[in-house]
Amino acid sequence: MTTGTEPSGPRLLPVADGRRTRAVLGELLAPRRGTAVAALVALVAGAAVSLVAAPLLGRIVDLAARGSEPSALTAPVAALAGVAVVQGVLAFAGIALIARVGETMLARLRERFVARALDLPLETLEQAGSGDLTSRVTDDVKVVGEAVREALPEFARAALIIGLTLVALAALDWRFLLGALLAVPIQVVTARWFLRHSGPLYDDERIAGGAQQQQLLDTAAGVSTVRAFRLTDDHLDRVRARAEAVAGIGQRLVVLQTRFFGRLNAGEVLGLSGVLVAGFVLVGSGSTTIGTASAAALYFINLFTPINIMLFQLDAAQSAVAGLRRIVGVAEIDPPAPPADPAVPADARVRVRGLTHSYVDGHPALSGVDLDLAPGTRVALVGTSGAGKSTLAKLVAGMHTPDAGVVEIGGVPLERIDHRGGRAPVVLVTQEVHVFAGPLAEDLRLARPDATDDDLRAALATVGAAPWVDRLPDGLETVVGDTGHALTVVQSQQLALARLVLADPPVVILDEATAEAGSAGAAELERARRRRAGGSHGRRRGAPAQSGRRRRPRAGARGRADRGDRHARRAGRLRRPVRPAVAGLDGPARRARPAYRRLR
């Protein structure tokens, strides 16, 4: 297993080596060997039947050369029709069985990929860039899927036809085979040359595609920050550079493919010339008939298509192997190890001591931050955009590992809490919620798989979503998401809050969870949030205006926050720090004390 690194620094997700990729494919194939053997038998039988066509055509040529009656042609012509039907049925069966095996293997691999991807620490994903992960689950899966459905069956069938045709040529006369083999050295050398040069290019193409997706995601997600910092031209240059890199690799591949097929054509001309010369000599000496020589020429001409298919599929195979190695690289990541000394939090108390974190070396986003929240406390952290609020939220939620300092929940450091089972101690809800495609009930049960329909309705009622859910065509069974009933921004956020109710974590962090809903929608969500948070321990951060009324801040933390948060990272450079404030939602109005004012 290897990891890649871009020149600009991101640590890409692992890429499996050839040995590990073959081992995984073997594991996936083992339960489906019976179907694979049946597919191979059908393809071999179909290829063998197709070889009967050339001798039948040779027989027709001989009958015509001898001036036979037209009725004599009926039998070989009927046989040709039968060969076409049987060969077509067997080829269809073989290709369908191979596609079934391949698609099933790919489905199991996708499931392993998604399972491992969901276990990846957020910090790992941010180091690699979300574009690296999304390109693997979209572009790479698409390329491998196309190879499984098209390239693999065609490659297998073409290889069988080539092998059996060479045997048939030898059966006609070994000198026909010798003439045909004149093309082999050119084809072998060409194939080796192509594989040697195309492999690295396809790897580079997959990596460049992921980098392009990452740059587009960064620029689009941080467009307001990019404009505010007047970095539009800089980011356009970056997007252009990524696109030019992808296009440049594509052009190099086209040139390589053109040279590849040009050399293959030269081999075909040489091989056909060898077969025709052998036929001329043998017919002239009376060693064979014109029909047999015609059959030999037809055999070799019929090799053009399978040879080109097989060698052309090397192109698709190289791209698919590059994508497959990237998929397996994530699918085979070891799951996070459990804590060596696990402990269970005593309560929902949150303590942060000396917390320091940097996204870029030498530019701390947070420095020496302390925070102490008793169970049942509701606190808001407010400040200007990019001040470090999201960074602190992610550190408390355990999504980042701090450079220094400790985060404790209920007196237990985060690293000692086993998150693999039971109720998560901290849940973070952001403004970027997702509605999963499928029935609404299944979407909600992601938070609590054993929840009953009554539990789901109670959670929806808690966040004020019950009225619109009752109006859906199929209620809880209504399909939502990209392929189903479209939800508004407010409804999507209410769905996220309902999941929060079902999860029922001791500590809740709402990171601008109503920012995308507009004024009226934000007010509705704020009421839902208060119903959910009533009597629970939670933290909320974001501009006070998003709740529809201004709240008075209260000091509650000490430390320093520099503009090293997501906006600075998206903008590609650091700016001077800002001065946020920590506020208690129910605290009295007063300014932060001087010691706290250093948080900026």
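Higher on the page you've got the structure.
Residues numbered from 1 in each chain as written. Predicted model: local features only at pLDDT ≥ 70, side-chain atom pairs only at ≥ 80, totals over all residues. Heavy atoms only, no water.

**Observations concerning the overall build of the protein chain**
Line of reasoning, step 1. The helix and strand inventory of the protein chain stands at 18 helices and 14 strands.
Line of reasoning, step 2. For the protein chain, with 600 residues in total, the buried portion stands at 44%.
Line of reasoning, step 3. Put simply, of all contacts in the protein chain between residues at least 6 apart along the chain, 79% involve residues at least 24 apart. (Helix = DSSP H or I, 4+ residues; strand = E, 2+ residues; numbered from the N terminus. Buried < 20%, exposed > 50% of the residue type's maximum accessible area, 1.4 Å probe, protein only. Contact = heavy atoms within 4.5 Å.)

**Thoughts on the packing of aromatic side chains**
Line of reasoning, step 1. One pass over the structure, following the stated rule, counts two aromatic pairs.
Line of reasoning, step 2. Geometrically, the ring pair formed by Phe194 and Phe260 is stacked, given 4.3 Å between the ring centres and 25° between the ring planes. Taken together, the positions of Phe194 in helix 8 (residues 184–221) and Phe260 in helix 10 (residues 232–284) put the pair 66 residues apart, joining distant regions of the chain. The pair formed by Phe194 and Phe260 is uniform in burial state, with each residue classed as buried.
Line of reasoning, step 3. Through pairs of rings, three or more aromatic residues link up here, namely Phe194, Phe260 and Phe261. (Phe/Tyr/Trp six-rings, centres within 6.5 Å; stacked < 30°, edge-to-face > 60°.)

**A short note on the side chain of Thr190**
Line of reasoning, step 1. Assignment of secondary structure puts Thr190 in helix 8.
Line of reasoning, step 2. Using a relative accessible area of 2% as the deciding quantity, one classes Thr190 as buried.
Line of reasoning, step 3. Polar side-chain contacts of Thr190 include one of 2.6 Å to the backbone oxygen of Ile186.
Line of reasoning, step 4. For Thr190, the contacting residues outside a window of four places in its chain are Phe260, Arg263 and Leu264. (Polar contact = N/O pair within 3.5 Å; in protein donor to acceptor, adjacent residues only side chain to side chain.)

**Digging into the pattern of salt bridges**
Line of reasoning, step 1. Applying the stated rule across the entire model yields 16 salt bridges.
Line of reasoning, step 2. With its nearest N and O atoms 2.4 Å apart, the salt bridge here joins Glu408 to Arg353. In this pair, Glu408 sits in strand 6 (residues 404–409) while Arg353 sits in strand 3 (residues 350–360), placing the two residues 55 residues apart along the sequence.
Line of reasoning, step 3. By relative accessible area, which is 10% here, Glu408 ends up buried. (Salt bridge = Lys/Arg side-chain N within 4 Å of Asp/Glu carboxyl O.)

**Here we look at the nonpolar core**
Line of reasoning, step 1. With 33 residues, the main nonpolar core has Leu169, Phe176 and Leu311 as its most contacted residues.
Line of reasoning, step 2. Where this core is concerned, the elements lending two or more residues are helix 6 (130–172), helix 7 (174–180), helix 8, helix 10 and helix 11 (290–331).
Line of reasoning, step 3. Once residues within four sequence positions are removed from consideration, Leu311 is found in contact with Ala191, Phe260 and Leu264.
Line of reasoning, step 4. Core analysis: the second largest hydrophobic core is formed by 27 residues, Leu440, Trp468, Leu487 and Val508 among them. (Core = buried A, V, L, I, M, F, W, Y, C linked by side-chain atoms within 4.5 Å.)

**Re unusual backbone geometry**
Trans is the prevailing form of peptide bonds, just as negative phi is the prevailing case for residues other than glycine.
Line of reasoning, step 1. Positive phi, close to 55°, is recorded for Arg230, a residue that is not glycine.
Line of reasoning, step 2. With respect to the secondary-structure elements, Arg230 resides in the loop between helix 9 (223–228) and helix 10.
Line of reasoning, step 3. Note on Arg230: relative accessible area 78%, which makes it exposed.
Line of reasoning, step 4. In this structure, Asp504 is a non-glycine residue whose phi angle is positive, near 50°.
Line of reasoning, step 5. Along the chain, Asp504 turns up in the loop between helix 16 (489–503) and strand 11 (507–511).

**Details of the pairing of strand 8 (residues 426–430)**
Line of reasoning, step 1. Along strand 8, four of the five residues are buried, which leaves the element largely enclosed by surrounding structure.
Line of reasoning, step 2. Pairing analysis gives five bridges linking strand 8 to strand 11, with the strands arranged parallel. Bridged to Thr430 within strand 11 is Asp511. (Pairing = 2+ DSSP bridges.)

**Description of helix 14 (residues 453–462)**
Line of reasoning, step 1. Where helix 14 is concerned, the buried positions are Leu456, Ala459 and Leu460. Along the axis of helix 14, the buried residues cluster in a sector spanning 100°; they form a single face.
Line of reasoning, step 2. Packed against the buried residues of helix 14 are helix 13 (440–445), helix 15 (466–470) and helix 16.
Line of reasoning, step 3. Following helix 14 by one or two positions, Gly464 adopts a phi angle in the positive range, close to 75°. (Arc of directions from axis to C-beta.)

**Describing the packing of helix 3 (residues 53–65) against helix 4 (residues 74–119)**
Line of reasoning, step 1. Running from N to C, helix 3 and helix 4 cross one another at 165°; their axes reach a closest spacing of 10 Å. Between helix 3 and helix 4, the interaxial angle falls into the category roughly antiparallel. Every pair of crossing elements has a handedness; the one defined by helix 3 and helix 4 is left-handed. Residues Ala53, Leu56, Leu57, Ile60 and Leu63 of helix 3 lie in contact with helix 4, whose contacting residues are Pro76, Val77, Ala79, Leu80 and Val83.
Line of reasoning, step 2. In terms of residue class, the contact of helix 3 with helix 4 is built from 10 nonpolar, no polar and no charged. (Axes fitted to C-alpha atoms, helices over the stretch in contact; angles between N-to-C directions. Parallel < 35°, antiparallel > 145°, perpendicular 65-115°, else oblique. Left-handed = near helix turned anticlockwise from the far one by under 90°. Nonpolar A, V, L, I, M, F, W, Y, C, P; charged D, E, K, R; others polar.)

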